[in-house]
Amino acid sequence: MRISLSDEQQQFQDWAKKFAESCVKPHVERHQTERIQPELLKELSSQGWMALTVPETEGGGGLDPLSFSVCIRELSRVCASTAITVAVTNMIAETLARDGTAAQKKKFLSSIVSGSSLTASFCLTENSSGSDAAALRTRAEKKSRHYVLNGEKIYVTNGAYSGVFLVMARTSETPGAQGISAFIVERDQKGLHLGKEEDKMGLTASSTIQLSLDQVEVPEENRLLEEGEGFKIAMRSLDSGRISVASQSLGTAEAALAAGLRYVKEREQFGKTLSEFQAIQWKLANAATELSAAELLIAKACDLKRKGRSYTRAASMAKLFATESATRVCNEMIQIFGGYGYIKEYPVERFYRDVRVTKLYEGTSEIQRLVIAKDLLKGAEL
Ligand SMILES: Cc1cc2nc3c(=O)[nH]c(=O)nc-3n(C[C@H](O)[C@H](O)[C@H](O)COP(=O)(O)OP(=O)(O)OC[C@H]3O[C@@H](n4cnc5c(N)ncnc54)[C@H](O)[C@@H]3O)c2cc1C
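About the thresholds
- Residues numbered from 1 in each chain as written.
- Predicted model: local features only at pLDDT ≥ 70, side-chain atom pairs only at ≥ 80, totals over all residues.
- Heavy atoms only, no water.
- Axes fitted to C-alpha atoms, helices over the stretch in contact; angles between N-to-C directions.
- Helix = DSSP H or I, 4+ residues; strand = E, 2+ residues; numbered from the N terminus.
- Parallel < 35°, antiparallel > 145°, perpendicular 65-115°, else oblique.
- Contact = heavy atoms within 4.5 Å.
- Expected span 1.5 Å × (residues − 1).
- Buried < 20%, exposed > 50% of the residue type's maximum accessible area, 1.4 Å probe, protein only.
- Domains from an automatic or database assignment.
- Buried area = accessible area lost by both parts, 1.4 Å probe.
- Salt bridge = Lys/Arg side-chain N within 4 Å of Asp/Glu carboxyl O.
- Near = heavy atom within 4 Å.
- Polar contact = N/O pair within 3.5 Å; in protein donor to acceptor, adjacent residues only side chain to side chain.
- Areas by Shrake-Rupley, 256 points an atom, 1.4 Å probe, with all protein chains shown as cover.
- Nonpolar A, V, L, I, M, F, W, Y, C, P; charged D, E, K, R; others polar.
- Phe/Tyr/Trp six-rings, centres within 6.5 Å; stacked < 30°, edge-to-face > 60°.
- Core = buried A, V, L, I, M, F, W, Y, C linked by side-chain atoms within 4.5 Å.

What describes two packed helices is the angle between their axes and the distance between those same axes. One can describe the packing of helix H3 (residues 65–78) onto helix H7 (residues 278–306) by two numbers: an axis separation of 8 Å at closest approach and a directional angle of 140 degrees. Of the possible angle classes, the one that applies to H3 and H7 is oblique. The segment H3 lies against H7, with Pro65, Leu66, Ser69 and Arg73 engaging Glu295, Ile298, Ala299, Cys302, Lys305 and Arg306.

What follows deals with helix H8 (residues 312–337). Along its 26 residues, H8 runs 37 Å from first to last C-alpha, staying within 8% of the 38 Å computed at 1.5 Å per residue. Of all the 26 residues making up H8, 19 are buried; the element is thus mostly covered by neighbouring parts of the structure. Positive backbone phi, approximately 60 degrees, marks Gly338, located one or two places after H8.

This part covers the side chain of Gln189. Within the secondary structure layout, Gln189 lies in the loop between strand S5 (180–186) and strand S6 (192–197). Setting aside residues up to four positions removed in sequence, Gln189 forms contacts with Val216, Glu217, Val218 and Pro219.

A separate point is the domain arrangement of the protein chain. Examined at the domain level, the protein chain breaks down into domain 1 (7–114), domain 2 (120–228) and domain 3 (232–377). On a C-alpha basis, the centres of domain 1 and domain 3 stand 21 Å from each other. With 23 residues of domain 1 at the contact, the number on the domain 3 side is 27 residues. The junction of domain 1 with domain 3 conceals about 2000 Å² of combined surface from both sides, 56% of it contributed by carbon and sulfur atoms. In this assembly, domain 1 and domain 3 are joined by five salt bridges.

Let's shift gears to the site of the ligand. The environment of the ligand is made up of 15 residues, and the closest members are Phe122, Thr125, Ser131, Tyr155 and Thr364. Between the ligand and Phe122, the relevant distance is 2.7 Å, taken from a nitrogen atom to a main-chain nitrogen or oxygen of the residue. When the free accessible area of the ligand is taken as 980 Å², the share hidden by the protein chains comes to 64%. Class assignment of the residues belonging to the shell around the ligand gives a composition of seven nonpolar, five polar and three charged. Counting contributing residues per domain, the shell around the ligand is built from domain 2 (120–228) and domain 3 (232–377), each supplying no fewer than three.

A few words now on the packing of aromatic side chains. For any pair of aromatic rings, the description rests on two quantities: the centre-to-centre distance and the angle between the ring planes. Across all of its chains, the model carries seven aromatic pairs by this definition. Considering the side-chain rings of Tyr263 and Phe337, the 4.1 Å spacing of their centres and the 15 degrees angle between planes classify their relative orientation as stacked. With Tyr263 in helix H6 (residues 230–266) and Phe337 in helix H8, the pair connects residues that are 74 residues apart, well separated along the chain. Since its relative accessible area comes to 5%, Phe337 is described here as buried. Put simply, the rings of Tyr263, Phe337, Tyr340 and Tyr346 pair up and form one aromatic cluster.

A few words on the nonpolar core. Core analysis: the biggest nonpolar cluster contains 59 residues, and Trp49, Leu96, Phe122 and Met168 have the highest contact counts within it. No other element matches the 11 residues that helix H4 (residues 80–99) contributes to this core. The residues contacting Trp49, other than those within four sequence positions of it, are Trp15, Ala16, Phe19, Leu44, Cys71, Leu75, Val86 and Asn90. The next biggest cluster of nonpolar side chains, apart from the first, holds 40 residues, and it includes Leu66, Ala301, Ala318 and Ala326.

Structure (C-alpha cells):
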C-alpha cells in the first residue's frame, strides 16, 4: 500500500518504524492509563523528533513534508498519543522557523530543538469559539513595550509539558480574524495557569488541558509577525497540521487493518476461517482501497507544500478523506473481531477510540468541507 519513496524518505520511514517499535511500543500499555512519561518525551527530543520539520540550518531535521508524514504515520501505527504530541510540537516549531524573528528563533525555537521545552502547544480554541475560531475572546492589551493577556483557552494539546505556548489573542476591537494577533507565551510566565487534564475517550496518554491567562505580561518581542496577523499564522499552521492529522489517522487505521488481517486467518466460524467469507473479504478490500486513496491525497498535499504552492485545499481534502476513511476502517475492524473487538484485551477498540478525534480536531470534517468549497467557489484551479 506504500507509494514510492525516495531512498532518503525510505530511510526516514525505516528510522521512524524502528524507533516506534523499540522505544514507543514498550510504553503502549501504560499509555492506556497514564500520560506520556517525560522520559519518553526526552528520548523523542534527543532523537530529533520534536523538530523534524525545522530546517537543518535552524538545528532541525529538515525533513520534506512526505518524509515527516510517513514518520507520523509509523508512530501512529504504534501509539497515536505519541504521534499527536510530536505532530503538534513540530507544527509550532515549523511556525516559529517560518514566521519568527532571529531573536524568537534563538530563544524559543532552539528551546524546542534542544529539548529544554519538551513540547509546544497551539492555543486557539476557547469555550465559545471552536469551529468559529475567529470569534475568540482572549484579549491582548498593549501597554507601552508589552501586552497584557487575559482569557481562557481549552483543549490545549501537550499543555502539561510545554515550555512554549502559541496563543492567539485579540489586539483590536475589529471583530473576526483581522483583530487577532499571535503571541509566544512561556510556561513560567506569571498569571499563566495550567488547568485540569481532560478525561478523553481516546489518546489517553496525550495531554489536553485548559489554560487560563490572568494578567499575563508578554513582551512585545514575543508577538509573532505584525498585529492582526495572528489568524493568518494560525491557519497556516493548521494547513500543515492537517497533513499530520491525516497521516496520524492513516497510521492508526493501517494498524487496525493489519490486526484485522491477522485475525480473519485465525478465527473460525461455521467450520471456516473468517477470511473465507466473502462479506469479510469485502470489508478488507474496502478498507485497503480507502486507505490507499487517503495515502495518495496526503502525498498530493505534501507535494504541493514541498513545492511552495498553496496547499490549503489539498490539506483539507487529505484530512477530510483520510480521517473519515480511517474512522470507518477502525470501526469495521471492530466488526470483524466480533465481540472480541469490544474487549480491551484486543487492540482494535483502542484504535477506534484513538482515531475518532481526528475527524474533530484541527478543524472538524464539516469545516474541512467549508474550506474546500470556499476554495472551489472562489474559482481556484480544480
Ligand atoms: C483531544 C482534542 C485536542 C485538541 N487540541 C487542540 C489544540 O491543541 N489547540 C486548539 O486550539 N484546539 C484544540 N482542540 C479543539 C478542536 O480543534 C475543536 O474541538 C474543533 O475545532 C471543534 O470545535 P468545537 O469543539 O468547539 O465544536 P463546535 O465548533 O461547537 O462544533 C460542533 C459541531 O457543529 C459543527 N459545525 C460548526 N460550525 C459549522 C458550520 N459552519 N457548518 C457546519 N457544521 C458546523 C461542527 O463540525 C461540529 O460537528 C482539540 C480538541 C480535542 C477534542
